[in-house]
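Here are the chains, one letter per residue:
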Amino acid sequence: MDFSFIISGMAGDGIKSTSMVAGKMFSRLGYYVFIDNEYQSLIRGGHNFSIVRVSDKKIWGHRRRSELLIALQDYTISPHNEYVDRVIFDSSGFDYPEGEGIPMTAFAKEVGAPTGFRNAAAIGALCYMYGVDIGNLNKIYKDAFGDKAEKDILLAEKGYKYASENLKQMEKVQRAGNPKPILDGNQASGLGAVKAGLKDYYAYPMTPASSLLHFLASMKRKLGVTVVQPENEISVAIMAIGSAFIGRRAMIGTSGGGFALMHEAISLAGMAEMPILCLESQRGAPSTGLPTYNAQEDLKFVLHAGHGEFPRIVASPGDTEDAYYLGGELLNLSWKYQSPAILLTDRYLSENLATCDIDVDRVTEEPLPLYSGDNSDYRRYSMTESGVSPLAFPPDAMVNATGNEHDEYGFTIDTEKESTEMYAKRMRKEEGIREDVKKMDAVRVFGNGTNVLFTWGSTTGVAVEAASEIGDIKVVQIRYLSPFPDWEIEKLEIDKAVTVECNYTGQLRSLLKEHGRINSKLIGNWGGRQFSIEQLAEKLKEAFE
Amino acid sequence: MDFSFIISGMAGDGIKSTSMVAGKMFSRLGYYVFIDNEYQSLIRGGHNFSIVRVSDKKIWGHRRRSELLIALQDYTISPHNEYVDRVIFDSSGFDYPEGEGIPMTAFAKEVGAPTGFRNAAAIGALCYMYGVDIGNLNKIYKDAFGDKAEKDILLAEKGYKYASENLKQMEKVQRAGNPKPILDGNQASGLGAVKAGLKDYYAYPMTPASSLLHFLASMKRKLGVTVVQPENEISVAIMAIGSAFIGRRAMIGTSGGGFALMHEAISLAGMAEMPILCLESQRGAPSTGLPTYNAQEDLKFVLHAGHGEFPRIVASPGDTEDAYYLGGELLNLSWKYQSPAILLTDRYLSENLATCDIDVDRVTEEPLPLYSGDNSDYRRYSMTESGVSPLAFPPDAMVNATGNEHDEYGFTIDTEKESTEMYAKRMRKEEGIREDVKKMDAVRVFGNGTNVLFTWGSTTGVAVEAASEIGDIKVVQIRYLSPFPDWEIEKLEIDKAVTVECNYTGQLRSLLKEHGRINSKLIGNWGGRQFSIEQLAEKLKEAFE
Amino acid sequence: MKLDTDAKIVWCPGCGNYSILKAFKNAVGELPQTVKPEKMVVVSGVGCHGKIANYINLSSFHGIHGRVPSLMAGIKLANAELTVVGFSGDGDTFNEGLVHLMHAAKKNINATLIVHNNKVYGLTTGQASATSPRGFRGKSTPEGNPEDPFNTVALMLVAGATFVARAFPGDIKHLTEIIKQAIMHKGFSFIDVLQPCVTFNNTWDYYRKSVYKIEETPSTLDEAIKLAYSSTPTKIPIGIFYKKDKQTFEELVRVEETGIGVEKVLELME
Amino acid sequence: MKLDTDAKIVWCPGCGNYSILKAFKNAVGELPQTVKPEKMVVVSGVGCHGKIANYINLSSFHGIHGRVPSLMAGIKLANAELTVVGFSGDGDTFNEGLVHLMHAAKKNINATLIVHNNKVYGLTTGQASATSPRGFRGKSTPEGNPEDPFNTVALMLVAGATFVARAFPGDIKHLTEIIKQAIMHKGFSFIDVLQPCVTFNNTWDYYRKSVYKIEETPSTLDEAIKLAYSSTPTKIPIGIFYKKDKQTFEELVRVEETGIGVEKVLELME
Ligand SMILES: Cc1ncc(C[n+]2csc(CCOP(=O)(O)OP(=O)(O)O)c2C)c(N)n1
Ligand SMILES: Cc1ncc(C[n+]2csc(CCOP(=O)(O)OP(=O)(O)O)c2C)c(N)n1
Ligand code: SF4
Ligand code: SF4
Ligand SMILES: [Mg+2]
Ligand SMILES: [Mg+2]
């Protein structure tokens, strides 16, 4: 079983929450659900839509083809028309002769609810159409809104009833397993970090990173995380360094434009050896670009963030579970090596919702390289072979940190020999990081063969599904981007290589050229949209011809 | 003829201005002079020194070996002792039995000048020792300080006389040609930009870029340049974009830490297609690092500045003349392609003084791709094959610029097809830039053979001299770093390849690997000092063995 | 001159921004002949307010979040003859880029800044800004904003702005008049517009009840500051708080000389 | 506890920074037992002042230019029990990072900021800062600074600082006392130190003649602002301008709960 339906309307129609409720209707029955939320950078009006895909097998992305469209605004029908079989619409809002109307607005009026509630009637209809017990739906509303759910429930029931009298049912859906959590990639990364000991989250709002800020803020007491929105991104990054100095695991989150403002702080973290984990969620760039649309255009920008040389740990998750694991892995690595780490993600993964099977305990809070010597002679930057200096924090020991070149104690120096040595100490940490990453999943490989498709970030999921439709393609997701897993690349037997990424220049492709001496063909896209599975499958056919 | 002498003392002793006067003594006689100024990040005390090198042939860097040390502080002798033949010192300040004393402080007292003036006595002595007419020296003082030069002149004469009675002369120096201008690399870049039409300079002070701010501020009326120091680097970059929008050629300058703060603006310049030229002068990093010492650690950081994809023009000069030419070339390219350009330089070239033979008119203000159509239908981002949209400026036409993705008029869009096309239009400019750079000196080649030494930035000069000492090495300076001149690299016949750069990871080496498939050996250094010619010659011998 | 554009306005119905746009267009129409629309440049930040650049048929730069004052400064330095009007948000101005605002006022750049002060981050869907009231429940402060808001007028007075005003879009005529005066003022003029955000911070009723017009602009900074602090939840002064003559930054720093040429300068360096 | 370090002090002989260092060390010695030196953290910016972190035998973070208030905020949020004292320069604070200063005051972070206000960029060899007087000839303003300086005390008062003072290193005892009180104050305390820079802006004589001590700390913000504006070239008030009790940011936002665990949270998301 694998079907999709679309809910479309304008900003303000509650498309996102409607699709979330619709998705939960299936995820609670044990199905896999994937919801692609597409919206514009405005608050009311325009055209927003969500594609809700439901399957009894693990799914990773959206298909453009859907069996149903639920349209809350007339002008949102035509963009989807060619991709859908049936159109359900608000017949008290407008007319659409080819579609099947439900008087949603009228129903809302009848129950004394504002028009904004009418989508509940649509969901009620959906509930009937897929043969789901209306009680399930009502419970979802109750769990989400408590006592305030009353009107939604009334409306859902009206919609259900209307549909049962007027609309043809779809293939019925049966319980398929246990309920699954449904969450977006940012939330997953946050939870992974919390599992690894996150204590402070600092962020300035910026799409598509904001969902993490909102999630953590709303759950802060349940998660035990202090959440602060400072005056701007510079302050965000510096405050996190303040937390790190005291030994509290901190995380920050932003998109490209905000990250651009953090470079100076990232460089400070490199010099002062302060662990910070930053989630960078990419959107259409440069500049303000396409603020609510998907992109993978910041890879090289992030790999070289901050002036000067220091170990930078960068990884990019391929799906929601992966986002959870990397949230944990990167926070741990960052602390073990006292270096900045960046979780590079993208709009598609950050904001889209997916059911997932997270192995919660795969992430643990790994112990720190703690100092155990005499506190009265603590050297924050003690010279070691691994480059890792044992950690202590104020007030346990006197700790001197600095952004200037320094001696073991953290006091400023400028002599050639000592500077050279301290610099090399920092850089030696790269070797340890590399060895550690070798033991992790630096890449993930899906499928077999010598036709190799390289991916990173959310494109991975779409690619895995598209490739499996065609067959004979091995998808290799480059999960760690720094250190770059050349040791894994070397192992590959490659006949034909293709790289797929949502950018113009082929940034992963260029890394493969530098590190792996691989010349691959590029499938790129830079219009703000992730490939649909069908679209990518087409392109793969061509590319591997 | 090729000799060096050192002037050493503490900050506050006027080492830099003293060495400048000493240098002029020779440059006005037609000699080539190179002055390496080494100083610490403090205002009084510590150890500063200048190595003044004089030759009758073009010179590019410093030699550590010197025939003379003039020491104004006792503790500044031992660091140089092994490299010098004779030590002249202030015998009324301290005693140094192995040296030759001049009672400089006492002389200063005698003429009623503050101790700070005593270095004039040393220069006077130097004047005698090299057989230069004291009148030449006095004129230098007069040109520099006008009426206030009186005490300097008195002191110089006392030093001259004392030396003539007590000190052995060196080989005498004769007039060798016409006077040569002596300037630092930043000043040269500024002048090149002025020749190409610079009108506004914005900068926030930061070593080693500040000398450009100071120079332009002091000469602003002579150069016709408005010079403003805004509140911070973010404002610096944004103000320059404001100038560019109006059609005034603007330039900005900073070092790595300040440049880190400009990434968001660079990305805006990319999207809004605003030309800005930024001089980025590298110093020891990361973070505050070694603020007054040399480094070449920001190459990749600069190449990928700003989130997202857009044409970035990056080039790095190899010597002072080159700094002039690139100042002009980059400003012109930046305007022609309405894209940000970065002149990436380093402490050694930025602050060290060198005589130079600048072919002033090699730089001209190149005409802009101006709009000539109907002003009432001007489209700032008109779609063209080259990607270059003809320019008009307010108030001549109505111009709409933006950091959002946009249509031809500059109004916000987010549709897939139009976004994809506008993005591609911007990226197409890279082809034009590449073709233009092909016609310029994208690389400079010195010497012959198949032993190839790759360099960038100020290391070039030192490398050329060191290589010529050894022979059989071809030095290839990569002048343009973006677009990367792979077409030039392909032409090279290489037996053994070595890259020399002042960093740890070998950033140019990695570019050569990516673009040219060249595996080169790295000679690196990351302790804040440029190689001396002798040092590098040693290393080259090993490397090419 | 037609001031409308073909761009579809995408603010929420009922948003205070419509009235700001209207008042600005009115003001441009009523300005004396000396201020030519062709010589006007509109600058905007990122936020709901920022879209205004798309709705005004004048030269414009829709810049980035927080940097409106710097962009205005660069434009004025490049061509002091232009009339520059900036539109920015409260998050834009008092959070992300407060340092630029303070310095533009200090410098006395001859430009006008209109702040769409809806006391919330609109475009990013409702977080507290530096002007949100204590206790404000936004997406990042579900338990209530723990901070007191800035007194924006006092900030600008202390920073050195030479024209400081506040207005309310519920009185378009008054707002129009203030905008006109701000544009006519030579020096940095700042207008704090109490803009209701119907979606995330609907203050229409609240302001309708509480604003009152300043009768006479205070003649000293001291009195102006006092007036700025006289606001209470039921009595909010709107109008001009302060106005002062002072040389502008552009007049002081622009180099009008054309220079002696690089060749000659190089000779000076021999 | 020995507060000196082995680091060689590299300020110019006669620099006002020596007296600030001295006064701070005195103050630490005189603080009540409840303030333990082991629990103190010093934060400094980049500039001549920034080196002070090397000269004090306490935990310290010698951070970057302009970001001292943010670093202090992060440290306090991470451990509210620490006593955090920041040292920053005028360029640091009022130019590069003014936005952070204003917001730290607004938030009422419980920390102390001591500004070495020498009214010049010292370490970068003498450019005008946001507090340099109009006409100041620095390396970037050879014809004189075209801007009026900020009134730093007024800025802080308006931003919401709950302890605002000014002091002069020529009176170490007074400065010591002010530092002590600032550290003891619960909330954001700000000290504007009139630090002479003997090399680029030697104000020793000028301040010696013009400073006078505030007799009584004004009891209202209004009076405090008035006092801040009462400065003249011959009469500069030093002492405490304002002091007020208010809940600190840390108290309000720190989450002390340990949480219910990720597993449980995931269940809530089903
Ligand atoms: C550097 C940066 N950080 C964050 C954002 C995301 N962002 C866009 S608008 C906005 C806030 C808007 O609030 P405000 O300035 O008050 O404008 P409003 O939408 O309320 O008009 C933010 C944080 C951005 N575009 N750039
Ligand atoms: C981002 C950044 N910009 C510029 C600099 C260069 N810089 C170092 S100190 C300084 C100014 C110092 O002035 P101030 O803060 O007043 O300190 P002072 O030296 O006078 O104590 C500057 C601009 C820097 N380190 N970082
Ligand atoms: S969100 Fe608020 S400010 Fe933005 S358009 Fe809607 S009402 Fe206006
Ligand atoms: S330059 Fe000024 S502030 Fe810096 S150490 Fe010297 S006297 Fe002090
Ligand atoms: Mg707002
Ligand atoms: Mg200062």
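Residues numbered from 1 in each chain as written. Chains lettered and ligands numbered in written order. Predicted model: local features only at pLDDT ≥ 70, side-chain atom pairs only at ≥ 80, totals over all residues. Heavy atoms only, no water.

Undergrad: Describe in detail the overall build of chain A, supporting the description with residues and values.
TA: Of the regular secondary structure elements, chain A holds 20 helices and 22 strands. Here the C-alpha atoms of chain A give a radius of gyration of 25 Å, agreeing with the 24 Å that 2.2 N^0.38 yields for 545 residues. For the C-alpha atoms alone, the extent of chain A along its principal axes is close to 85 × 55 × 40 Å. In chain A, the proportion of contacts linking residues at least 24 apart, taken out of those at least 6 apart, comes to 72%. Surface summary for chain A: the accessible area is close to 16200 Å², and the carbon and sulfur share equals 47%. Looking at charge distribution, chain A has the averaged site of its 58 positive side-chain charges lying 3 Å from that of its 73 negative ones. (Helix = DSSP H or I, 4+ residues; strand = E, 2+ residues; numbered from the N terminus. Rg over C-alpha atoms; globule rule 2.2 N^0.38 Å. Contact = heavy atoms within 4.5 Å. Areas by Shrake-Rupley, 256 points an atom, 1.4 Å probe, with all protein chains shown as cover. Lys, Arg positive; Asp, Glu negative; His and termini not counted. Charge placed at Lys NZ, Arg CZ, Asp CG, Glu CD.)

Undergrad: Would you mind going over the relation of the copies chain A and chain B in detail, with residue names and values included?
TA: Rotating chain A by 180° and moving it 0.0 Å along the rotation axis overlays it on chain B with an RMSD of 0.1 Å. The symmetry that links the two subunits is that of a two-fold axis. Residues of chain A ranked by C-alpha distance from the rotation axis are headed by A:Glu514, positioned 2.0 Å from it. Of all interface residues in chain A, 100% are interface residues in chain B too; the two copies therefore contact each other through one and the same surface. (Least-squares fit on C-alpha atoms with pLDDT ≥ 70 in both.)

Undergrad: Explain the coordination of the magnesium ion (ligand 6) to me, using residue names and the numbers behind them.
TA: Residue and element names in this part refer to chain D. Within the protein, the atoms that donate to the magnesium ion (ligand 6) are Asp90 (OD), Asn118 (OD1) and Val120 (O), at distances of 2.0 to 2.2 Å. Here the donor residues of the magnesium ion (ligand 6) are spaced in sequence according to D-x27-N-x1-V. The exposure classification of Asn118 matches that of Val120, with both residues buried. (Donors = N, O, S within 2.8 Å, 3.2 Å for Na, K, Ca; no water. Buried < 20%, exposed > 50% of the residue type's maximum accessible area, 1.4 Å probe, protein only.)

Undergrad: Got a sec to walk through the coordination of the magnesium ion (ligand 5)? Specific residues and values, please.
TA: By definition of the ideal shapes, four donors in a tetrahedron about a metal sit 109.5 degrees apart, and six donors in an octahedron sit 90 or 180 degrees apart. Residue and element names in this part refer to chain C. Taken together, the protein ligands of the magnesium ion (ligand 5) are Asp90 (OD), Asn118 (OD1) and Val120 (O), with distances of 2.0 to 2.2 Å. Between consecutive donor residues of the magnesium ion (ligand 5), the sequence gaps follow D-x27-N-x1-V. In this pair, Asp90 sits in helix α3 (residues 90-96) while Asn118 sits in the loop between β4 (112-116) and α5 (152-159), placing the two residues 28 residues apart along the sequence. Using a relative accessible area of 6% as the deciding quantity, one classes Asn118 as buried.

Undergrad: How would you summarise the side chain of A:Ser510 if you had to cite specific residues and measurements?
TA: Of note, A:Ser510 is situated in helix α19 (residues 507-516). A:Ser510 sits in the buried class, given a relative accessible area of 13%. In contact with A:Ser510, not counting residues within four places along its chain, are A:Lys300 and B:Glu514.

Undergrad: Any details on the site of ligand 3? Residues and values, ideally.
TA: The local shell around ligand 3 consists of A:Ile43, C:Trp11, C:Cys12, C:Cys15, C:Cys48, C:Asn118, C:Gln195, C:Cys197, C:Val198, C:Thr199 and C:Phe200. Mapping the residues adjacent to ligand 3 onto the chains of the assembly identifies chains A and C. Grouping the constituent residues of the shell around ligand 3 by class yields 8 nonpolar, 3 polar and no charged. (Near = heavy atom within 4 Å. Nonpolar A, V, L, I, M, F, W, Y, C, P; charged D, E, K, R; others polar.)

Undergrad: Outline the interface of chain D and chain A, supporting the account with residue identities and numerical values.
TA: Listed by partner, the interface residues are 43 residues for chain D and 58 residues for chain A. For the pair chain D and chain A, the two sides together bury roughly 4200 Å², of which 66% comes from carbon and sulfur. In this structure, the connection of chain D to chain A is made through 3 salt bridges. In this structure, the salt-bridge partner of D:Glu257 is A:Arg221, at a minimum N-O distance of 3.0 Å. Elements supplying a minimum of two residues to the side of chain D that touches chain A: β2 (59-62), α2 (68-78), α4 (98-107), α9 (249-253) and α10 (262-268) of chain D. Here the element with the most residues in the side of chain D that touches chain A is α2(D); it accounts for 7 residues. Each residue belonging to the side of chain D that touches chain A can be placed in one class, and the counts come to 21 nonpolar, 14 polar and 8 charged. Here strand β16 (residues 400-402) of chain A runs beside β2(D); their pairing, made up of 3 bridges, is parallel. (Buried area = accessible area lost by both parts, 1.4 Å probe. Salt bridge = Lys/Arg side-chain N within 4 Å of Asp/Glu carboxyl O. Pairing = 2+ DSSP bridges.)

Undergrad: Before we move on, could you go through the packing of aromatic side chains and cite the residues and values that matter?
TA: Under the criterion given, the structure shown has 58 aromatic pairs over all chains. Where B:Phe26 meets B:Tyr130, the ring centres are 5.4 Å apart and the plane angle is 85°; that geometry is what we call edge-to-face. Of this pair, B:Phe26 sits in helix α1 (residues 15-27) while B:Tyr130 sits in the loop between α4 (119-129) and α5 (134-145), placing them 104 residues apart in sequence. In this pair, the class of B:Phe26 matches that of B:Tyr130, namely buried. Each ring, one from D:Trp11 and one from D:Tyr18, has its centre 5.5 Å from the other, and the planes form 85°; the classification is edge-to-face. Through pairs of rings, three or more aromatic residues link up here, namely A:Phe3, A:Phe5, A:Phe26 and A:Tyr130. (Phe/Tyr/Trp six-rings, centres within 6.5 Å; stacked < 30°, edge-to-face > 60°.)

Undergrad: Describe the interface of chain A and chain B, and please don't skip the residues or the numbers.
TA: The interface is formed by 58 residues belonging to chain A together with 59 residues belonging to chain B. Roughly 5100 Å² is buried in total at the junction of chain A and chain B, and carbon and sulfur atoms are behind 56% of that figure. Across the chain A-chain B interface, the total number found is 2 salt bridges. B:Lys300 is the salt-bridge partner of A:Glu514, the closest N and O atoms lying 3.5 Å from each other.

Undergrad: How would you explain the side chain of A:Asp152 if you had to name every residue and give the values?
TA: You can see A:Asp152 is positioned in helix α6 (residues 150-166). Those residues within four positions of A:Asp152 in sequence are excluded, and the remaining contacts are A:Phe117, A:Ala120, A:Tyr141 and A:Phe145.

Undergrad: Which residues make up the site of ligand 2, and what values do they have?
TA: Not every one of the 23 residues close to ligand 2 is listed here, only the nearest: B:Glu233, D:Cys48, D:Asp90, D:Asp92 and D:Gly122. Mapping the residues adjacent to ligand 2 onto the chains of the assembly identifies chains A, B and D. Interatomic distance of 2.9 Å between a backbone N/O atom of D:Gly91 and an oxygen atom of ligand 2. Looking at which element gives the most residues to the shell around ligand 2, the answer is helix α3 (residues 90-96) of chain D, with 4 residues. Partitioned by chemical class, the residues of the shell around ligand 2 number 9 nonpolar, 8 polar and 6 charged. (Polar contact = N/O pair within 3.5 Å; in protein donor to acceptor, adjacent residues only side chain to side chain.)

Undergrad: Which residues make up the pairing of strand β2 (residues 32-38) of chain A, and what values do they have?
TA: All names here are of chain A. The buried count for β2 comes to 7 of 7 residues, which makes it a mostly enclosed element. As judged from the 7 bridges shared by β2 and strand β3 (residues 45-55), these two strands associate in the antiparallel manner. When the sheet's bridge partners are listed, Val33 is paired in β3 with Val54. The antiparallel hairpin formed by β2 and β3 contains 6 residues in its connecting segment. Direction of pairing for β2 relative to strand β15 (residues 353-355): antiparallel, over a ladder of 2 bridges. Residue pairing in the sheet places Phe34 in a bridge with Ala354 of β15.

Undergrad: How would you sum up the environment of A:Val462? Please name residues and give values.
TA: Residues and elements named next belong to chain A. Position of Val462 among the secondary structure elements: in helix α17 (residues 459-470). Residue Val462 is classed as buried on the basis of its relative accessible area of 0%. A sequence separation of 106 residues divides Val462 from Cys356, and the C-alpha atoms of the two residues are 16 Å apart. In this structure, Val462 is in contact with Trp60, Gly61, Tyr348, Gln530, Phe531, Ser532, Ile533 and Leu536, ignoring residues within four places of it in sequence.

Undergrad: Break down the pairing of strand β22 (residues 521-524) of chain A for me, with residues and values.
TA: A regular strand places its side chains so that they alternate between the two faces of the sheet. All names here are of chain A. Looking at chain direction, strand β21 (residues 496-501) and β22 are connected through 4 bridges and run parallel. Bridge pairing in β22 links Val498 to Lys521. Viewed along the sheet, the connection from β21 through α19 into β22 turns out right-handed. (Right-handed = clockwise from strand over helix to strand, strands pointing away.)

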